[in-house]
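Results of the structural survey
Given next are the chains, with one letter for each unit.
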Amino acid sequence: MVEAVAIIPARGGSKRIPRKNIRDFAGKPAIAWPIEVALASGQFAKVVVSTDDQEIAYCANLYGAETPFLRDASLSDDYTGTTDVVRDAVERLGLGPDVPVCCIYATALFVSSEDLQTGYDLLAGGATWSMTVSEYPTPIARAYHRKGDALVPRHPDKMPMRSQDLESDYFDVGQFYWAKAHTWLDPEAVVWDGTAGVEVPALRAVDIDTEEDWKRAEFLMSYMQAQT
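For the structure given in this document, a descriptive report is provided here.

**Things to note about the overall build of the protein chain**
Helix and strand content of the protein chain: six helices and ten strands. In terms of C-alpha radius of gyration, the protein chain reaches 19 Å, essentially the compact-globule figure of 17 Å for 228 residues. When each of the 228 residues of the protein chain is scored for burial, the buried share is 43%. About 11900 Å² of surface is accessible on the protein chain, with carbon and sulfur atoms providing 50% of the total. Counting 21 positive and 34 negative side-chain charges, the protein chain places the averaged centre of each group 6 Å from the other.

Listed below in structure tokens is the structure:
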């Protein structure tokens with residue numbers, strides 16, 4: 001396979017955690033963590049940050065990433081999907097159809113070079129996509145939903161079963177997604193079609209969407225740093 005490219009989407013207008021992409025996390029801006037891991041992995045010919053924000057661009061450059069363009073405002077609102085942003089970057093960079101492209105989230109604070117390599121290997125092995133996942137800590141087959149004031153099992157037939165007899169399920173950790181450039185460019189492509197999973201342990205499975213997520217991530221980072 002030809003040399004890979006990492007694309008890190010990082011818009012300036014995050015709402016739930018304002019300025020989260022450059023907020024200090026354990027002594028450096030959040031976006032610095034995935035940039036440094038991507039660069040140290042040796043897997044990428046380029047590590048590119050797609051942003052609409054000059055301050056984020058400056059920060060990304062400071063830690064070694066490239067910002068060859070500023071993203072248009074039309075791709076920086078609350079409704080634009082990640083695939084649209086990566087598609088725009090792939091087009092702007094003029095990447096060939098078979099170039100492996102890894103979208104790494106700007107707050108993938110616990111991403112590892114080993115997981116990135118596993119994702120690349122899965123793509124090279126024939127997967128259309130590869131992405132980070134983690135196992136639900138309890139079987140979702142025994143989940144409840146609310147009906148008025150009552151809790152109702154989603155699958156009543158599964159409720160008497162032992163947890164060890166139920167199938168494991170996985171959630172998207174939100175660290176990275178590998179696919180070839182032509183897949184990113186295909187507007188009909190969806191990440192759940194032909195996907196292989198890179199399983200991440202629960203300790204590193206933190207998707208940063210809320211202040212509670214951020215606090216949990218700080219706690220886990222403190223714990224992991226103390227272990228080393």
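Now that the structure is up, let's keep going.
**Describing the pairing of strand β7 (residues 144–147)**
Examined bridge by bridge, β7 and strand β8 (residues 150–153) share four bridges and lie antiparallel to one another. Within β8, the residue paired with histidine 145 across the bridge is valine 152. Turn length for the β7-β8 hairpin, with the two strands adjacent in sequence and antiparallel, is two residues, and the turn residue glycine 148 shows positive phi of about 70°.

**A few points about the environment of isoleucine 104**
You can see isoleucine 104 is positioned in strand β5 (residues 100–104). With a relative accessible area of 0%, isoleucine 104 lands in the buried category. Separated by 70 residues in sequence, isoleucine 104 and proline 34 have C-alpha atoms that sit 7.2 Å apart.

Each value, and the rule that gives it
- Residues numbered from 1 in each chain as written.
- Predicted model: local features only at pLDDT ≥ 70, side-chain atom pairs only at ≥ 80, totals over all residues.
- Heavy atoms only, no water.
- Helix = DSSP H or I, 4+ residues; strand = E, 2+ residues; numbered from the N terminus.
- Rg over C-alpha atoms; globule rule 2.2 N^0.38 Å.
- Buried < 20%, exposed > 50% of the residue type's maximum accessible area, 1.4 Å probe, protein only.
- Areas by Shrake-Rupley, 256 points an atom, 1.4 Å probe, with all protein chains shown as cover.
- Lys, Arg positive; Asp, Glu negative; His and termini not counted.
- Charge placed at Lys NZ, Arg CZ, Asp CG, Glu CD.
- Pairing = 2+ DSSP bridges.

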